[in-house]
Amino acid sequence: VCSFVPVVGWIIASLPMGIVALSESGFRKLVQVVAMVLGVHAGLVLILPAFASAKLKIHPLTVLASLYIAEHYVGVQGLFL
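Conventions adopted
- Residues numbered from 1 in each chain as written.
- Predicted model: local features only at pLDDT ≥ 70, side-chain atom pairs only at ≥ 80, totals over all residues.
- Heavy atoms only, no water.
- Helix = DSSP H or I, 4+ residues; strand = E, 2+ residues; numbered from the N terminus.
- Buried < 20%, exposed > 50% of the residue type's maximum accessible area, 1.4 Å probe, protein only.
- Contact = heavy atoms within 4.5 Å.
- Areas by Shrake-Rupley, 256 points an atom, 1.4 Å probe, with all protein chains shown as cover.
- pLDDT = per-residue confidence, 0-100.
- Axes fitted to C-alpha atoms, helices over the stretch in contact; angles between N-to-C directions.
- Parallel < 35°, antiparallel > 145°, perpendicular 65-115°, else oblique.
- Left-handed = near helix turned anticlockwise from the far one by under 90°.
- Nonpolar A, V, L, I, M, F, W, Y, C, P; charged D, E, K, R; others polar.
- Expected span 1.5 Å × (residues − 1).
- Patch = residues over 30% accessible without salt bridge, like charges linked within 9 Å, V, L, I, M, F, W, Y side chains within 5 Å.
- Salt bridge = Lys/Arg side-chain N within 4 Å of Asp/Glu carboxyl O.

**Student:** Explain the overall build of the protein chain to me, please; I cannot follow it from the model alone.
**Tutor:** Counting its secondary structure elements, the protein chain contains 3 helices and 0 strands. Secondary structure elements of the protein chain, listed N to C terminal, follow the sequence α-α-α. Across the 81 residues that make up the protein chain, the buried fraction comes to 20%. Contacts in the protein chain between residues at least 24 apart in sequence constitute 31% of all its contacts with a sequence separation of at least 6. Carbon and sulfur atoms form 76% of the exposed surface of the protein chain, whose accessible area is close to 6200 Å².

What follows is the structure, given as structure tokens:
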């Protein structure tokens, strides 16, 4: 569900993982979880615009710019447009 909101969804989805990692295994495991989540998110930020641009036949930066503009003017609801 959280993957539908590309800007904050990954943060919301990662909070429970971080809390469990910290409470069960300590700070070291929390750092590992944060590194994993950032790695996956960075990959998605680079890959998903490429897929969207291939389907829509527009430049990947246009996809990212449209997400930014929609969020700026409409708010989080604009990310669903």
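**Student:** What am I meant to see in the environment of L30 here?
**Tutor:** Tracing the backbone through its elements, the reader meets L30 in helix α2 (residues 27-56). Take L30: its relative accessible area is 19%, and that puts it in the buried class. A C-alpha to C-alpha distance of 8.4 Å links L30 and V20, two positions 10 residues apart in sequence.

**Student:** Just to check I follow, could you spell out the confidence of the model for the protein chain for this structure?
**Tutor:** Should the pLDDT be low somewhere, the predicted coordinates at that spot are not to be read in detail. Residue-level pLDDT values for the protein chain average 80, and 88% of them are 70 or greater. When the elements of the protein chain are averaged for pLDDT, helix α3 (residues 60-74) gives the smallest value, 81, and helix α1 (residues 9-25) the largest, 86.

**Student:** What is the right way to look at the packing of α1 against α2 in this model?
**Tutor:** For any two helices packed against each other, one specifies the inter-axial angle together with the distance between the axes. Remark: α1 packs on α2, axes separated minimally by 7 Å, with the N-to-C direction vectors making an angle of 160°. On the basis of their axis angle, the class for α1 and α2 is roughly antiparallel. The two elements α1 and α2 cross, and the hand of that crossing is right-handed. For the pair α1 and α2, contact is made by W10, S14, M17, G18, A21, L22 and S25 and by F27, K29, L30, V33, M36, V37, L38 and H41, respectively.

**Student:** Explanation requested: the packing of α2 against α3 in the structure shown.
**Tutor:** In the contact formed by α2 and α3, the axes pass within 8 Å of each other and the chain directions differ by 105°. On the basis of their axis angle, the class for α2 and α3 is roughly perpendicular. In this structure, α2 uses P49, A50, A52 and S53 to contact α3, whose residues at the interface are P60, V63 and L64. The residue makeup of the contact of α2 with α3, split by class, is 6 nonpolar, 1 polar and no charged.

**Student:** Hey, could you run me through α3 in this one?
**Tutor:** Taking 1.5 Å per residue, 15 residues should reach 21 Å; α3 reaches 21 Å between its end C-alpha atoms and fits that length. Positive phi appears at G75, one or two residues downstream of α3, with a value of about 95°.

**Student:** It is not clear to me how a nonpolar patch on the surface should be interpreted in this structure. Could you clarify?
**Tutor:** A cluster of nonpolar residues, M17, M36, V40, L44, V45, L46, I47, L48 and F51, forms a patch on the protein surface that exposes about 860 Å² of accessible area. No other element matches α2, which puts 8 residues into the nonpolar patch. Relative to the elements of secondary structure, V40 occurs in helix α2. With relative accessibility at 48%, the residue V40 sits in the partly exposed group.

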